[in-house]
Amino acid sequence: MEEEYSDTDWTTLLIVSLLLGALGVDRFMTGHIGIGVLKLLTLGGCGILALYDLIMIATGKFRDSDGKLVANQ
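On a predicted model such as this, the values are computed, not experimentally measured, just so you know.

A. Quick peek at the overall build of the protein. Looking only at helices and strands, the protein features 4 helices and 2 strands. Put simply, the protein runs from its N terminus to its C terminus through helices and strands in the order α-α-α-α-β-β. The dimensions of the protein, computed from C-alpha atoms along their principal axes, are 40 × 20 × 15 Å. Counting across all 73 residues of the protein, residues that qualify as buried make up 36%. Summarising the internal contacts of the protein: among those between residues at least 6 apart in sequence, 49% fall at separations of at least 24. For the protein, the distance from the average site of its 5 positive side-chain charges to the average site of its 9 negative ones is 7 Å.

Following this line, the structure appears as structure tokens:
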């Protein structure tokens, strides 16, 4: 079974997550509106959610709201 990949650019998402991850911008970009608002209100879950998302994006295991993998292709 072949993996489906997201249309979201991995490099752009990685940079946005690094710079604006605490504000939830990376989650808004991938369609996760609810968690994006949560990250915005809690400043990235006190940094924990922001760090988690950064690691998941960097390792290529992050998925968008449709369940498609956001990976460096």
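What follows picks up the thread again.
B. Up close: unusual backbone geometry. Of note in this structure, Leu-43 is not a glycine but carries a positive phi near 55°. Tracing the sequence through the fold places Leu-43 in helix H3 (residues 33–46). The class of Leu-43 is exposed, set by a relative accessible area of 55%. Positive phi values are uncommon outside glycine, yet Cys-46 reaches one of about 60°.

C. How the structure looks around the packing of helix H1 (residues 10–20) against helix H4 (residues 48–59). Where H1 contacts H4, the axes come no closer than 10 Å and their chain directions differ by 160°. The orientation of H1 with respect to H4, classified from their angle, is roughly antiparallel. Like other packed secondary-structure pairs, H1 and H4 cross with a definite hand, here left-handed. Judged by residue contacts, Trp-10, Leu-13, Leu-14, Ser-17 and Leu-18 of H1 engage Asp-53, Leu-54, Ile-57 and Ala-58 from H4.

D. Geometry of a nonpolar patch on the surface. Together, Ile-15, Leu-18, Leu-19, Leu-20, Leu-23, Phe-28, Ile-33, Val-37, Leu-40, Leu-41 and Leu-43 make up a nonpolar patch on the protein surface, roughly 1,100 Å² of accessible area in all. When residues of the nonpolar patch are traced back to their parent elements, those giving at least two are H1 and H3.

E. Spotlight on the nonpolar core. Grouped together as the largest cluster of nonpolar side chains are 6 residues: Trp-10, Leu-13, Met-56, Ile-57, Phe-62 and Val-70. Apart from the residues within four sequence positions on either side, Ile-57 is in contact with Trp-10, Leu-13, Leu-14, Ser-17, Asp-26 and Phe-62.

Cut-offs used in this document
Residues numbered from 1 in each chain as written. Predicted model: local features only at pLDDT ≥ 70, side-chain atom pairs only at ≥ 80, totals over all residues. Heavy atoms only, no water. Helix = DSSP H or I, 4+ residues; strand = E, 2+ residues; numbered from the N terminus. Buried < 20%, exposed > 50% of the residue type's maximum accessible area, 1.4 Å probe, protein only. Contact = heavy atoms within 4.5 Å. Lys, Arg positive; Asp, Glu negative; His and termini not counted. Charge placed at Lys NZ, Arg CZ, Asp CG, Glu CD. Axes fitted to C-alpha atoms, helices over the stretch in contact; angles between N-to-C directions. Parallel < 35°, antiparallel > 145°, perpendicular 65-115°, else oblique. Left-handed = near helix turned anticlockwise from the far one by under 90°. Patch = residues over 30% accessible without salt bridge, like charges linked within 9 Å, V, L, I, M, F, W, Y side chains within 5 Å. Areas by Shrake-Rupley, 256 points an atom, 1.4 Å probe, with all protein chains shown as cover. Salt bridge = Lys/Arg side-chain N within 4 Å of Asp/Glu carboxyl O. Core = buried A, V, L, I, M, F, W, Y, C linked by side-chain atoms within 4.5 Å.

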